[in-house]
Amino acid sequence: MITTGFETIFAALDRIAKQLVPDAIVTGLDRAAELVTASAAATTLYGNVTGATRAGTVTYVATPDDDGSDAVAQAVRHVEALNPGQSQIEPIAPLGADTYALVLTSPTTYLQDLITRRGGEQDWVGPTLEANAPRITESVAQAIGEVLR
Amino acid sequence: MIDLPALTAVVFNRLAFDAAGSPVRAALGAGATSILHAAQLRRETLPARPFVALRRFAVPIRDRIIWLPRYNWYVYDDSAYEYTRIEALLPLIGTAYDYASAPLFLASGGAISDVAIDFGEQTTDQALDMLVCQVRLYLTA
């Protein structure tokens with residue numbers, strides 16, 4: 001007869017809940033970020049005047065411990081290289097515990113105008129995320145499944 | 001497969017023609033003629049302010065299941081009025097799509113099962129030189 005103390009079971013469940021699943025969520029979102037960036041880069045809705053918006057397009061994962069500032073800083077460098085002085089960082093709201101975000105943006109001073117003008121005629125941010133929503137969900141689910149097997 | 005033109009027409013007509021949209025029409029510059037599709041924003045002459053314009057955004061489809069179609073109403077006004085008239089219109093538009101009191105129906109597919117609504121921030125449309133706010137509708141068909 002094999003016996004296992006409840007403490008062992010609880011410890012394993014605790015590890016799953018507090019470490020394995022959260023790490024898997026980040027893994028799944030990181031994989032999805034690559035898909036989203038590629039999808040955004042293919043849009044024809046960029047103004048294509050300087051190329052800065054396209055070059056500065058970034059998709060990153062924000063967590064309670066990582067606000068994605070490194071990824072944004074790299075995107076800013078791309079923008080500045082093509083359109084000096086026109087980079088602008090819009091910080092996201094602080095995330096609560098157990099909250100994870102996939103953020104798609106391009107840190108330019110004119111992004112808000114670009115995606116708003118003429119009733120969203122050139123809005124590529126929301127539509128890119130929406131079009132990829134099923135793949136994002138599937139990526140996270142797959143990553144969680146990998147650690148639970 | 002859902003009929004997207006029919007769905008867009010249902011969403012548009014809610015403000016343009018339906019009884020649930022009459023408070024919205026009353027608050028617009030020229031009633032139903034102040035209700036546009038977003039493609040019409042490229043016209044040289046825009047309607048009396050305030051006016052609204054509708055755009056349908058991407059509809060992700062996977063395994064023949066329609067995910068949330070999103071529609072945006074862009075609410076426009078001249079800067080002379082600041083955001084006063086726009087802010088008054090936002091809740092009227094939201095109420096017009098209240099799922100509990102006035103559900104949307106597709107002739108080919110029955111009731112829309114849910115409509116989630118949020119309002120965007122105050123911003124400007126530099127191309128049109130006007131103030132604008134969004135009302136975002138997230139439909140489950």
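About the thresholds
- Residues numbered from 1 in each chain as written.
- Chains lettered and ligands numbered in written order.
- Predicted model: local features only at pLDDT ≥ 70, side-chain atom pairs only at ≥ 80, totals over all residues.
- Heavy atoms only, no water.
- Helix = DSSP H or I, 4+ residues; strand = E, 2+ residues; numbered from the N terminus.
- Rg over C-alpha atoms; globule rule 2.2 N^0.38 Å.
- Buried < 20%, exposed > 50% of the residue type's maximum accessible area, 1.4 Å probe, protein only.
- Contact = heavy atoms within 4.5 Å.
- Lys, Arg positive; Asp, Glu negative; His and termini not counted.
- Charge placed at Lys NZ, Arg CZ, Asp CG, Glu CD.
- Phe/Tyr/Trp six-rings, centres within 6.5 Å; stacked < 30°, edge-to-face > 60°.
- Axes fitted to C-alpha atoms, helices over the stretch in contact; angles between N-to-C directions.
- Left-handed = near helix turned anticlockwise from the far one by under 90°.
- Nonpolar A, V, L, I, M, F, W, Y, C, P; charged D, E, K, R; others polar.
- Buried area = accessible area lost by both parts, 1.4 Å probe.
- Salt bridge = Lys/Arg side-chain N within 4 Å of Asp/Glu carboxyl O.
- Polar contact = N/O pair within 3.5 Å; in protein donor to acceptor, adjacent residues only side chain to side chain.
- Expected span 1.5 Å × (residues − 1).
- Arc of directions from axis to C-beta.
- Patch = residues over 30% accessible without salt bridge, like charges linked within 9 Å, V, L, I, M, F, W, Y side chains within 5 Å.
- Areas by Shrake-Rupley, 256 points an atom, 1.4 Å probe, with all protein chains shown as cover.
- Core = buried A, V, L, I, M, F, W, Y, C linked by side-chain atoms within 4.5 Å.
- Pairing = 2+ DSSP bridges.

K.L.:
Would you explain the overall build of chain B in this entry?
P.N.:
Across its full length, chain B holds three helices and ten strands. For 141 residues, the compact-globule estimate of 2.2 N^0.38 gives 14 Å, and chain B sits close to it at 15 Å. If one aligns the C-alpha atoms of chain B with their principal axes, the spans along those axes are about 50 × 30 × 25 Å. Burial analysis of chain B (141 residues in total) assigns 47% to the buried set. Long-range contacts, defined here as pairs at least 24 residues apart, represent 52% of the contacts in chain B between residues at least 6 apart. Side chains of chain B carry 12 positive and 14 negative charges; the gap between the two charge centres is 7 Å.

K.L.:
Which parts of the structure should I look at to understand the side chain of T53 of chain A?
P.N.:
With respect to the secondary-structure elements, T53 of chain A resides in helix α2 (residues 52–55). Once residues within four sequence positions are removed from consideration, T53 of chain A is found in contact with Y46, S106, T108, Y110, L114 and W124 of chain A.

K.L.:
Even after reading the chapter, I still don't get the environment of L36 of chain B, so can you show me in this structure?
P.N.:
Within the secondary structure, L36 of chain B is located in strand β1 (residues 35–37). For the pair formed by L36 of chain B and A53 of chain B, sequence separation is 17 residues and the distance between their alpha carbons is 4.5 Å.

K.L.:
Sorry, what's going on with the packing of aromatic side chains here?
P.N.:
Two aromatic rings are characterised by how far apart their centres lie and by the angle between their planes. Residues and elements named next belong to chain A. Throughout the structure, instances matching the rule amount to three aromatic pairs over all chains. For the pair F6 and F10, a centre-to-centre distance of 6.1 Å together with 25 degrees between the ring planes defines the contact as stacked. With F6 and F10 both in helix α1 (residues 6–41) and four residues apart, the pair spans about one turn of that helix. Classification of F6 as exposed rests on a relative accessible area of 60%. Since its relative accessible area comes to 52%, F10 is described here as exposed.

K.L.:
Mind showing me how you'd approach the packing of α1 of chain A against helix α6 (residues 133–148) of chain A here?
P.N.:
For any two helices packed against each other, one specifies the crossing angle of their axes together with the interaxial distance. All names here are of chain A. Interhelical geometry of α1 versus α6 gives an angle of 145 degrees and a closest axis separation of 8 Å. For the element pair α1 and α6, the recorded crossing hand is right-handed. Taken together, the residues that form the contact of α1 with α6 break down as 15 nonpolar, four polar and three charged.

K.L.:
For this particular structure, what's the right way to read the interface of chain B and chain A?
P.N.:
A common way to report how large an interface is uses the accessible area buried once the components associate. Taken residue by residue, the interface counts 21 residues in chain B and 18 residues in chain A. For the pair chain B and chain A, the two sides together bury roughly 1,700 Å², of which 51% comes from carbon and sulfur. The interface formed by chain B and chain A holds two salt bridges in total. The residue R70 of chain B makes a salt bridge to E130 of chain A at a minimum N-O spacing of 2.2 Å. Scanning the region where chain B abuts chain A turns up eight residue pairs in polar contact (both at pLDDT 80 or more). The residue makeup of the side of chain B that touches chain A, split by class, is eleven nonpolar, four polar and six charged.

K.L.:
Looking at this structure, I do not really get helix α3 (residues 69–82) of chain A. What am I missing?
P.N.:
Residues spaced three or four apart along an α-helix point in a common direction, a consequence of the helix completing one turn every 3.6 residues. Residues and elements named next belong to chain A. In this model α3 runs 20 Å from its N-terminal to its C-terminal C-alpha over 14 residues, within 8% of the 20 Å that 1.5 Å per residue would give. Looking at α3, one finds that the buried residues are V72, A75, V76 and V79. Around the axis of α3, the buried residues are gathered within 110 degrees of arc, so they sit on the same side. Along α3, the residues that are exposed and aim more than 90 degrees away from the buried face are D70, R77 and A81. In this structure, the buried side of α3 is in contact with α2 and β1 (58–62).

K.L.:
Any chance you could explain a negative patch on the surface here in plain terms?
P.N.:
Residues and elements named next belong to chain A. On the surface, D65, D66, D67 and D70 cluster together into a negatively charged patch. Following the sequence through the fold, D65 ends up in the loop between β1 and α3. Here D65 falls in the exposed class, since its relative accessible area comes to 77%.

K.L.:
Explain the nonpolar core here, please?
P.N.:
Side chains of a nonpolar character, in soluble globular proteins, are inclined to be buried together. Residue and element names in this part refer to chain B. Among the nonpolar cores identified, the biggest contains 31 residues, and V11, L15, W73, I93, Y97, L137 and L139 are the most heavily contacted of them. Elements represented by at least two residues in this core include exactly α1 (4–16), β2 (51–56), β5 (70–77), α3 (84–96) and β10 (130–140). Element by element, the count of residues in this core is highest for α1, at six residues. Those residues in contact with Y97 that sit more than four places away from it in its chain are V11, R14, L15, W73, L104, V115, I117 and L137.

K.L.:
Even after reading the chapter, I still don't get the pairing of β5 of chain B, so can you show me in this structure?
P.N.:
In the case of a regular strand, side chains alternate between the two sheet surfaces. All names here are of chain B. Taken across its eight residues, β5 has eight buried, putting it largely inside the fold. Going residue by residue along β5, you find R70, N72, Y74 and Y76 tucked away on one face and Y71, W73, V75 and D77 tucked away on the opposite face as well. Relative to β5, β2 is paired through six bridges, and the arrangement is antiparallel. Counted as the bridge partner of A53 is Y74 from β5. Bridge analysis of β5 against β10 gives eight bridges, and the strand direction is antiparallel. What sits directly across from W73, in β10, is V135.

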